[in-house]
Amino acid sequence: MGQIIGIIGVAVCVLLCGIGSALGLYKTGTAAAGVLGEDPKKFGKVLVLVLLPATQGIYGFIIGIIASSSLAADMTVWQGWALFGAVMPMALSGLITGIFQGKSAVNCIYAVGKQESLGGKLIIYPAMIEFYAILGLIISIMLVAA
């Protein structure tokens, strides 16, 4: 039973991080399509902003790989719950930061559409949200390794 709880935790982590990234990328991709429809030359300026929310899905995948190495057929229920809890910081931070990073990046994409020279400066705003996804990643790595 412990292994099943651990597997569910790992799956939920990967799934929630993927959902956060997908929603963030949907928002940024849609905004970029609008801006590039007006001026295709801005592709390079908006590309990084579009891709920022993808990192949460990558982080969730990394935790999935690391945590799956802790799965064992003879896990106790408590060990299963411990693994479940260990991956939750990444799961929740990946979901939430992916969505909000996408929203932040959308506004930056629109600003680049109006004034292209802002591209390099605006990346800092959605990148600050990335910091909290990285904290979730680090905590989950530490908890899985414990």
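This text goes with the structure placed above it.
Conventions used here
- Residues numbered from 1 in each chain as written.
- Predicted model: local features only at pLDDT ≥ 70, side-chain atom pairs only at ≥ 80, totals over all residues.
- Heavy atoms only, no water.
- Helix = DSSP H or I, 4+ residues; strand = E, 2+ residues; numbered from the N terminus.
- Buried < 20%, exposed > 50% of the residue type's maximum accessible area, 1.4 Å probe, protein only.
- Contact = heavy atoms within 4.5 Å.
- Areas by Shrake-Rupley, 256 points an atom, 1.4 Å probe, with all protein chains shown as cover.
- Salt bridge = Lys/Arg side-chain N within 4 Å of Asp/Glu carboxyl O.
- Core = buried A, V, L, I, M, F, W, Y, C linked by side-chain atoms within 4.5 Å.
- Patch = residues over 30% accessible without salt bridge, like charges linked within 9 Å, V, L, I, M, F, W, Y side chains within 5 Å.
- Axes fitted to C-alpha atoms, helices over the stretch in contact; angles between N-to-C directions.
- Parallel < 35°, antiparallel > 145°, perpendicular 65-115°, else oblique.
- Nonpolar A, V, L, I, M, F, W, Y, C, P; charged D, E, K, R; others polar.
- Expected span 1.5 Å × (residues − 1).
- Bend = angle between axes of the 7 residues up to and from the residue.

**So, the overall build of the chain**
For the chain, the helix and strand inventory stands at six helices and zero strands. Its helices and strands in sequence order give the chain the pattern α-α-α-α-α-α, from N to C terminus. Principal-axis analysis of the C-alpha atoms places the extent of the chain at approximately 60 × 20 × 20 Å. Of all 146 residues assigned to the chain, the portion counted as buried reaches 40%. A separation of at least 24 residues holds for 86% of the contacts in the chain among residues at least 6 apart in sequence. Summing over all exposed atoms, the chain offers an accessible surface of approximately 7,600 Å²; the carbon and sulfur share of this is 75%.

**Considerations on the pattern of salt bridges**
Following the criterion strictly, the structure yields one salt bridge and no others. Among the salt bridges present, the one from Lys42 reaches Asp39, with a minimum N-O distance of 3.9 Å.

**Quick look at the nonpolar core**
Counting residues in each nonpolar core, the largest one holds 17 residues, and the members touching the most others are Cys13, Ile63, Ala67, Leu83, Val87, Met90 and Val144. Looking at this core, the elements that each hand over two or more residues are helix H1 (2-38), helix H3 (54-68), helix H4 (77-114) and helix H6 (124-145). Among the elements that make up this core, the one with the highest residue count is H4 (six residues). Filtering out sequence-adjacent residues up to four positions away, Ala67 remains in contact with Val10, Leu83, Val87 and Val144. Membership of the second largest hydrophobic core comes to 13 residues, among which are Ala32, Val35, Val46 and Cys108.

**Examining the environment of Met88**
Mapped onto the secondary structure, Met88 falls in helix H4. Linking Met88 and Ile139, residues 51 residues apart in sequence, is a C-alpha distance of 9.5 Å. With residues near it in sequence (within four places) discarded, Met88 still touches Gly9, Val12 and Ser140.

**Some words on a nonpolar patch on the surface**
On the surface, a cluster of nonpolar side chains totalling about 720 Å² of accessible area is made up of Met1, Ile4, Ile8, Val77, Trp78 and Trp81. Put simply, the parts of the chain that give the nonpolar patch at least two residues each are H1 and H4. The element contributing the most residues to the nonpolar patch is H4, with three residues. On the secondary structure map, Ile4 appears in helix H1. Judged by relative accessible area, Ile4 falls into the partly exposed class, the value being 46%.

**So, the packing of H1 against H3**
Contact geometry for H1 and H3: axes closest at 7 Å, N-to-C directions at 170 degrees. Taken as axis vectors, H1 and H3 run roughly antiparallel relative to one another. Residues Val10, Cys13, Val14, Cys17, Gly18, Ser21 and Leu25 of H1 lie in contact with H3, whose contacting residues are Ala54, Thr55, Gln56, Gly57, Gly60, Phe61, Ile63, Gly64, Ala67 and Ser68. In terms of residue class, the contact of H1 with H3 is built from nine nonpolar, eight polar and no charged.

**Points about H3**
For an α-helix, the turn length of 3.6 residues means that residues three or four places apart are oriented alike. Helix length check: H3 (15 residues) gives 22 Å between terminal C-alpha atoms against 21 Å at 1.5 Å per residue, within 8%. Residues of H3 that are buried make contact with H1, helix H2 (43-51), H4 and H6.

**Observations regarding H4**
When the terminal C-alpha atoms of H4 are compared, their 56 Å separation across 38 residues agrees well with the 56 Å that a helix rising 1.5 Å per residue should span. Where H4 bends most, the angle comes to about 35 degrees, and this point is Met88, followed within four residues by the proline Pro89.

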